[in-house]
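Residue-level structure breakdown
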Amino acid sequence: MRRFDLRRRTDRLDPETQYEEIARILATQEFPWDINQALSFALFRTYAVPTIGRLLFETGEFTERVQKRYDDTGLILDAVLENGLTSDPGRAGIRRMNQMHGSYDISNDDMRYVLSTFVVIPERWIEDFGWRKLTRNEIVGTTNYYRALGKYMGIKEIPETFEAFEKFLDDYEREHFLFDSGGRAVADSTLDLLCTFPPNNLAPAALIKRFSWALMDDPLLDAFAYRRPSRLARTLSRGALKARARLVRFYPVRTVPKFARDLPNIRSYPNGYEVEKLGTFPRTCPVQHTNGTVAPENTASRTALDA
Ligand code: HEM
């Protein structure tokens, strides 16, 4: 396989109907590292919205069991990506998310905002640090993938195009990013976790943190009251990622897909896992649990998936 063969393949797929295949190729073969990094940084953006950051702080999960939260997030979303939105494992993953979210009072706008980070932030990351740019077909395909996921999550008034997602995200951040001690605690805890991921664990944590802050924009840093890095720190961090991209361009094509469970960052389940048992089962959850699984007749939030 030659370097641009997968790009040729995604460009032959129809982004209106074959968006799952496009999203899968991008996330597991063309840009697994970049999309993983971008989504990790996207997490920080969601914490900077106080209604989101505070809720995640109040569950205690992101400060007490941050590794498990990180792992479960990746594994649940991967079950959907790998097997498809309407497959049994995909439906189990979506059902788990809906049960967790259904236990809290979460606004549709916050849901739309988090969805828009999945669409926009990886595209922006790849534009800056990818070994190649995304094609229009790939951007439309990814957008449609998350639109479909959002629909199964019961999210209303989902933006229709990539550009509409971008506008929604930028406007939402301008209006909502604000300091909140809970959001800051969750951000600190996640940053501490990122420092332990290989190969970051080989460098001093202080260096990894400076590198990470240098990749954050000013509104995000201000929302956590993190000190703005120097121009030099920004140039060095961004330059290192751009140099990596130039190198990766010469790598061979990844023929074996890399899923979240293959990442060294995911460490909670050395002996395997079941999608139905991932995530949290909040005490406020109105769902009855039997032996760690959920009674199917009693789902917390009824969505398009259940229809
Ligand atoms: C498209 C939007 C969203 C997606 C795809 C998504 C995805 C997920 C996933 C995969 C999990 C399970 C991971 C785990 O076990 O920690 C999860 C859990 C959770 N999510 Fe979301 N989420 C979205 C929006 C939101 C929003 C807007 C909020 C809050 C305002 C939120 C709050 C939570 C909470 C509280 C949990 C349970 C974990 C805990 O107790 O801390 N999510 N979400």
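One can find the structure itself at the top, above this paragraph.
1. Examining helix α9 (residues 136–152)
- Helix length check: α9 (17 residues) gives 25 Å between terminal C-alpha atoms against 24 Å at 1.5 Å per residue, within 8%.
- If you check which residues of α9 are buried, you get E138, I139, G141, T142, T143, N144, Y145, Y146, L149, G150 and Y152.

2. Here's the deal with the site of the ligand
- In the region of the ligand, 25 residues are neighbours, and T59, E61, D72, V114 and G279 sit closest.
- Residues of the shell around the ligand, tallied by class, amount to 14 nonpolar, seven polar and four charged.

3. Remarks on the packing of helix α3 (residues 32–47) against helix α11 (residues 181–196)
- It is at 9 Å that the axes of α3 and α11 come closest, and there the two elements cross at 165°. Judged on the interaxial angle alone, α11 and α3 are roughly antiparallel. Seen along the crossing, α3 lies across α11 with a hand that is left-handed. Listed contacts from α11 to S40, L43, F44 and Y47 of α3 are G183, V186, A187, T190 and L194.
- Across the contact of α3 with α11, the residue classes break down as six nonpolar, three polar and no charged.

4. Things to note about the nonpolar core
- In terms of nonpolar packing, the biggest core is built from 63 residues, with A23, L26, F44, Y47, L115 and V119 touching the most fellow members.
- A per-element tally of this core places helix α8 (residues 108–129) first, with ten residues.
- Those residues in contact with L26 that lie beyond four places of it in its chain are F31, I35, E138 and T142.

5. Structural notes on unusual backbone geometry
- P199 follows P198 through a cis peptide bond whose omega is 0°.
- Its place among the elements puts P199 in the loop between α11 and α12 (205–215).
- Of note, the phi angle at E157 is positive, near 50°, even though the residue is not glycine.
- Counting through the fold element by element, E157 comes out in the loop between α9 and α10 (162–176).
- Phi at A225 takes a positive value of approximately 55°, unusual for a residue other than glycine.
- C-beta crowding within 10 Å serves as the criterion here: with 10 such atoms nearby, A225 is assigned to the exposed category.

6. Some points on the packing of helix α4 (residues 50–58) against α11
- Look at α4 against α11: their axes get within 7 Å of each other, and the N-to-C directions meet at 65°. In terms of their interaxial angle, α4 and α11 are classed as roughly perpendicular. The element α4 and its partner α11 pack so that their crossing is left-handed. Of the residues in α11, those touching α4 at P50, G53, R54, L56, F57 and E58 are G182, G183, A185 and V186.
- Tallied by class, residues from the contact of α4 with α11 come to five nonpolar, three polar and two charged.

7. Observations regarding the environment of D192
- Along the chain, D192 falls in helix α11.
- Taking the C-beta count within 10 Å as the criterion, D192 has 14 such neighbours and is therefore assigned partly exposed.
- For the pair D192 and V256, spaced 64 residues apart in sequence, the C-alpha to C-alpha distance is 31 Å.

Reading guide: rules and limits
- Residues numbered from 1 in each chain as written.
- Predicted model: local features only at pLDDT ≥ 70, side-chain atom pairs only at ≥ 80, totals over all residues.
- Helix = DSSP H or I, 4+ residues; strand = E, 2+ residues; numbered from the N terminus.
- Expected span 1.5 Å × (residues − 1).
- Buried ≥ 20, exposed ≤ 12 C-beta atoms within 10 Å, placed from the backbone.
- Near = placed C-beta within 6 Å.
- Nonpolar A, V, L, I, M, F, W, Y, C, P; charged D, E, K, R; others polar.
- Axes fitted to C-alpha atoms, helices over the stretch in contact; angles between N-to-C directions.
- Parallel < 35°, antiparallel > 145°, perpendicular 65-115°, else oblique.
- Left-handed = near helix turned anticlockwise from the far one by under 90°.
- Contact = placed C-beta atoms within 7 Å.
- Core = buried A, V, L, I, M, F, W, Y, C linked by C-beta atoms within 7 Å.

Purely geometric stuff here, so don't read any function into it on its own.
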